[in-house]
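Next come the chains, spelled out residue by residue.
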Amino acid sequence: MERLDGGSPVPAGVRGGIVALGNFDGFHLGHQAVIGRAVARARAEGRAAIVATFDPHPMRFFRPDSAAFRLTTLDQRQELFAAAGADAMLVFGFDAALASLSAEQFADRLAGPVGAGGVVTGADFTFGKGRTGNVASLTTLGDARGFSVDTVAPVLAGGAPVSSSRIRQHLIAGEPREAAAFLTRPFAIRGAVEHGAKLGRQLGYPTANLSMGTYLRPRYGIYAVRGRLPDGRVLDGAANLGIRPTIEGAPTELLEPYFFDFDGDLYGQTIEVALIDFIRPEAKFDSLDALKHQMARDCDTARTILTST
């Protein structure tokens with residue numbers, strides 16, 4: 001699937017496409033409904049299906065000091081959009097220039113450089129400087145510029161719309177299964193394996209250290225996890241997410257998965273680790289020996305969870 005720059009004219013092969021427009025950070029049930037509608041319409045009309053997203057997230061631009069909150073990277077979104085049937089991902093770089101566009105100017109960009117034949121978005125979508133544009137004004141602006149607008153109602157769960165905010169709340173509470181129900185897949189962290197102090201290896205549990213980067217920080221603790229390696233292998237394991245309070249020295253925030261029955265060198269490789277279930281909060285132990293015994297119990301718990309998942 002092509003990745004296109006929202007600041008440049010799209011290639012001729014995808015001009016006139018149906019554009020699913022939104023942030024789509026979590027690609028949850030609500031996002032899937034919007035993109036699914038765009039893909040279905042594109043196929044029915046013989047057009048390309050394009051998913052337009054923003055990077056960085058607008059909240060990061062307007063509130064640069066806000067805590068990390070991302071649920072996916074661009075690479076993860078591109079793979080998810082492709083699996084949903086999209087032909088291209090269009091990335092609008094969210095900067096001062098984009099933030100200053102009026103609703104009319106943004107509609108001009110959809111009609112001109114993007115050449116949208118139609119736009120599909122969620123009912124709560126806003127755009128333009130000061131968020132002055134909404135789905136009603138987008139419909140009016142589209143009519144004047146030659147593209148139609150479809151609006152998709154929120155997907156409800158438990159009487160409330162599925163949203164990235166609800167997913168983040170579940171992850172912060174240490175409820176990855178509840179988050180996965182909204183995402184239709186486990187929340188997963190992707191990154192390059194870094195060198196660490198290699199203490200896990202000394203304890204008999206060699207781990208792959210991943211920085212959390214701009215990802216949301218779920219509740220610190222021990223998780224049952226599944227890892228996916230670059231060669232496609234899927235490995236079960238247990239992971240510590242947090243600052244390792246038992247280890248002396250300055251706290252270092254890491255995701256540290258230990259993969260069962262695996263003996264290999266992962267340094268420098270990009271892997272993805274999915275949080276399947278929360279086992280217990282992170283804790284400080286009186287000794288490394290006590291930590292080692294608890295790690296054995298955690299691994300047994302994780303194996304039991306993953307056997308039935």
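Up top you'll find the structure we're talking about.
Treat the numbers as computed from the prediction; the structure is a model and nothing was measured. (Residues numbered from 1 in each chain as written. Predicted model: local features only at pLDDT ≥ 70, side-chain atom pairs only at ≥ 80, totals over all residues. Heavy atoms only, no water.)

Undergrad: Please clarify how the sheet that holds strand E9 (residues 188-192) should be interpreted in this entry.
TA: In a beta sheet, neighbouring strands are held together by backbone hydrogen bonds and run either parallel or antiparallel to one another. Reading across the sheet, the five strands line up as E9-E13-E10-E11-E12 and stay open at both edges, with antiparallel pairing between neighbours. Because the sheet does not close on itself, it has two edges, and the strands there are E9 and strand E12 (254-259). Recorded for the sheet is a direction-independent mean angle of 35° between the axes of neighbouring strands. Pairing analysis gives six bridges linking strand E11 (residues 234-242) to E12, with the strands arranged antiparallel. Its bridge partner being in E12, asparagine 240 is matched across the sheet by glutamate 256. (Pairing = 2+ DSSP bridges. Helix = DSSP H or I, 4+ residues; strand = E, 2+ residues; numbered from the N terminus. Axes fitted to C-alpha atoms, helices over the stretch in contact; angles between N-to-C directions.)

Undergrad: Just to check I follow, could you spell out the environment of valine 155 for this structure?
TA: Topologically, valine 155 is positioned in the loop between strand E6 (148-152) and strand E7 (156-157). As a C-alpha pair, valine 155 and glutamine 294 span 139 residues in sequence and 41 Å in three-dimensional space. The residues touching valine 155, leaving out its near neighbours within four places in the chain, are Leu29, Gly30, Ala33, Ala160, Pro161 and Val162. (Contact = heavy atoms within 4.5 Å.)

Undergrad: Even after reading the chapter, I still don't get the pairing of strand E10 (residues 221-228), so can you show me in this structure?
TA: Of all eight residues making up E10, six are buried, and the element is well covered by its neighbours. Bridge analysis of E10 against E11 gives eight bridges, and the strand direction is antiparallel. When the sheet's bridge partners are listed, alanine 224 is paired in E11 with alanine 238. Between E10 and E11, which pair antiparallel in sequence order, lie five residues; one of them, glycine 232, sits at a positive phi of approximately 95°. As paired strands, E10 and strand E13 (residues 270-281) are joined by eight bridges and run antiparallel to one another. Paired with arginine 228 across the strands is glutamate 272, a residue of E13. (Buried < 20%, exposed > 50% of the residue type's maximum accessible area, 1.4 Å probe, protein only.)

Undergrad: Honestly, the pattern of salt bridges in this entry has me stumped. Any pointers?
TA: Within the structure shown, the criterion is met by 19 salt bridges. Arginine 3 is the salt-bridge partner of aspartate 75, the closest N and O atoms lying 2.6 Å from each other. Linking aspartate 75 in helix H3 (residues 74-83) with arginine 3 in strand E1 (residues 2-5), this pair joins segments that are 72 residues apart in sequence. Put simply, arginine 177 and aspartate 277 hold a salt bridge, and the shortest N to O gap is 3.0 Å. One end of the pair, arginine 177, is in helix H8 (residues 176-183); the other, aspartate 277, is in strand E13, with 100 residues separating them in the sequence. (Salt bridge = Lys/Arg side-chain N within 4 Å of Asp/Glu carboxyl O.)

Undergrad: Please explain the packing of aromatic side chains as it appears in this structure.
TA: Aromatic ring pairs: the centre-centre distance and the angle between the two ring planes describe each pair. The full count for this structure, using the stated rule, is 15 aromatic pairs. Between the aromatic rings of phenylalanine 24 and phenylalanine 81, the centroid separation amounts to 6.1 Å while the plane-to-plane angle is 80°, which identifies the pairing as edge-to-face. Highlighted residues: phenylalanine 24 in the loop between strand E2 (18-21) and helix H1 (29-45) and phenylalanine 81 in helix H3, separated in sequence by 57 residues. For the residue pair phenylalanine 24 and phenylalanine 81, the accessibility class agrees, reading buried in each case. With centroids separated by 5.4 Å and ring planes inclined at 55°, the aromatic side chains of phenylalanine 92 and phenylalanine 106 adopt a geometry described as tilted. Residue phenylalanine 92 is located in strand E4 (residues 88-93), and its partner phenylalanine 106 is located in helix H5 (residues 103-111); the two are separated by 14 residues in the primary sequence. Among the residues examined, phenylalanine 92 registers a relative accessible area of 1% and is labelled buried. Judged by its relative accessible area of 4%, phenylalanine 106 is buried. The rings of Phe54, Phe61, Phe62, Phe92, Phe94, Phe106, Phe125 and Phe127 are connected pair by pair, giving a single aromatic cluster. Directly above the ring of phenylalanine 260 sits arginine 303, whose terminal nitrogen or CZ lies 4.1 Å from the centroid. (Phe/Tyr/Trp six-rings, centres within 6.5 Å; stacked < 30°, edge-to-face > 60°. Lys NZ or Arg CZ within 6 Å of the ring centre and 35° of its normal.)

Undergrad: Would you explain the pairing of E2 in this entry?
TA: Burial along E2 is two-sided: Ile18 and Ala20 and Val19 and Leu21, pointing in opposite directions, are all buried. In this region the chain leaves E2, passes through H1 and returns to the parallel neighbour strand E3 (residues 49-55); the handedness of that crossover is right-handed. In this structure, E2 lies alongside strand E5 (residues 118-122), joined through four bridges in parallel fashion. Residue pairing for E5: valine 19 is matched across the bridge by valine 119. (Right-handed = clockwise from strand over helix to strand, strands pointing away.)

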